[in-house]
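Descriptive analysis of the structure
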Amino acid sequence: MDKSIDKAVADLGRNIGEYIREQRNHAKISLRELAKQAGVSNPYLSQIERGLRKPSAEILQQIAKGLRISAEVLYVEAGILQQREGGALADAIVAATDLTERQKQVLLDVYESFRRENSAKNKED
């Protein structure tokens, strides 16, 4: 395999690990507590944070739940998903636990239609 590809994969692991550590520190959760909440071992979570292991989508989902953030945010950071247009508002809609999937999609559609409308107006000016 090409060494540049190996480096890119290693960088992705390191980036997601750094992001998880930042979020954990921001939430004031210990490594041990997050590992327990995510259902993984302390050493495994530590290896993820140090960029030595690249977690699966399932593990990212469990970590996101422990951090109380959207799994989609971790998927984007890990390079599994592309970042959603609409930024923080779109992320907040997706992360809302008190909305159904249908309600989330309607809100995202309305928001995107407003963005397109404003973008078209800005191009006319």
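Residues numbered from 1 in each chain as written. Predicted model: local features only at pLDDT ≥ 70, side-chain atom pairs only at ≥ 80, totals over all residues. Heavy atoms only, no water.

The protein chain goes by Helix-turn-helix protein in an unreviewed UniProt entry, where it is assigned to Lentzea atacamensis.

**What to know about the environment of Glu58**
In plain terms, the rule: To qualify as a helix, a DSSP run of H or I must reach at least 4 residues; to qualify as a strand, a run of E must reach at least 2; elements of each kind are numbered from the N terminus. Each residue is placed in one exposure class: buried if its accessible area under a 1.4 Å probe, protein chains only, is under 20% of its type's maximum, exposed if it is over 50%, and partly exposed if it falls in between.
For Glu58, the location among the structural elements is in helix H4 (residues 57-67). A relative accessible area of 55% means that Glu58 is categorised as exposed. Considering only alpha carbons, one finds Glu58 and Ala71, 13 residues apart in sequence, at a separation of 9.3 Å.

**So, unusual backbone geometry**
The phi dihedral of Lys28 falls on the positive side, at around 60°, and the residue is not glycine. Although it is not a glycine, Arg68 adopts a positive phi angle of roughly 60°. As for its position among the elements, Arg68 is in the loop between H4 and helix H5 (71-78). Look at Arg68 and you get exposed, because its relative accessible area is 78%.

**What to know about the side chain of Lys104**
To be explicit about the condition: Throughout, a contact is declared for two residues whenever any of their heavy atoms are within 4.5 Å.
Take Lys104: it is sitting in helix H7 (residues 101-124). Not counting residues up to four positions away in its chain, the partners in contact with Lys104 are Ile93, Val94, Ala96 and Leu99.

**A word on the pattern of salt bridges**
The following threshold applies: What counts as a salt bridge is simple: a side-chain nitrogen of Lys or Arg found within 4 Å of a carboxyl oxygen of Asp or Glu.
Taken as a whole and assessed by the stated rule, the structure comprises five salt bridges. Its salt-bridge partner being Arg21, residue Glu49 comes within 3.4 Å of it at the nearest N-O pair. In this pair, Glu49 sits in helix H3 (residues 42-49) while Arg21 sits in helix H1 (residues 3-26), placing the two residues 28 residues apart along the sequence. The exposure class assigned to Arg21 is partly exposed, which follows from its relative accessible area of 30%.

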